[in-house]
Amino acid sequence: MNRSGVLLFTSGKEHGETWAMNQGTNLFHGSLDTHQYRSLLEACGFRILQYREGDPECGNANVWMAQLA
């Protein structure tokens, strides 16, 4: 099994749910808090390569980059 892939995703800063318009489509958004994401990634064997909180280039979302250890 090749484990060299990288997981890249954005998340909110805190646990919550909301609906918001995105290019005319009403989309559901759900997020855990930062501690929950970090705990889940580590429990599933991921090593966090980079984390940016409130990245202005991604709409102030948190940006995660992780890889299976």
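Bear in mind that the values here come from a model prediction, so they are computed numbers and not experimental data. (Residues numbered from 1 in each chain as written. Predicted model: local features only at pLDDT ≥ 70, side-chain atom pairs only at ≥ 80, totals over all residues. Heavy atoms only, no water.)

**Student:** Explain unusual backbone geometry here, please?
**Tutor:** If a residue is not glycine, its phi is most likely negative; likewise, a peptide bond is most likely trans. Look at Gln23: it is not a glycine, yet its phi comes out positive at around 50°. Relative to the helices and strands, Gln23 resides in the loop between strand S2 (16–22) and strand S3 (25–31). Exposure remark for Gln23: the relative accessible area of 80% places this residue in the exposed category. Look at Asn60: it is not a glycine, yet its phi comes out positive at around 65°. Inspection of the secondary structure puts Asn60 in the loop between strand S4 (46–55) and strand S5 (61–68). Classification of Asn60 by relative accessible area gives partly exposed; the value is 44%. (Helix = DSSP H or I, 4+ residues; strand = E, 2+ residues; numbered from the N terminus. Buried < 20%, exposed > 50% of the residue type's maximum accessible area, 1.4 Å probe, protein only.)

**Student:** Help me understand the nonpolar core, please; the structure alone is not making it clear to me.
**Tutor:** Generally speaking, a soluble globular protein has its nonpolar side chains buried in company with each other. Among the nonpolar cores identified, the biggest contains five residues, and these are Phe9, Tyr37, Leu41, Trp64 and Ala66. Breaking this core down by element, the ones donating at least two residues are helix H1 (34–43) and S5. (Core = buried A, V, L, I, M, F, W, Y, C linked by side-chain atoms within 4.5 Å.)

**Student:** What is the right way to read the sheet that holds S5 from this model?
**Tutor:** Whether parallel or antiparallel, the strands of a sheet pair through hydrogen bonds between backbone atoms. Strand order in the open sheet formed by three strands is S1-S5-S4, and the pairing between neighbours is antiparallel. Edge positions in the open sheet fall to strand S1 (7–11) and S4, since each of these has one partner strand only. The sheet shows a mean angle of 15° between the axes of neighbouring strands, direction not considered. Sheet topology note: the S4/S5 ladder contains seven bridges and is antiparallel. Looking across to S5, one finds that Gln50 is bridged to Met65. Packed on one face of the sheet, H1 meets S1, S4 and S5 and runs near 165° to S4. (Pairing = 2+ DSSP bridges. Axes fitted to C-alpha atoms, helices over the stretch in contact; angles between N-to-C directions. Contact = heavy atoms within 4.5 Å.)

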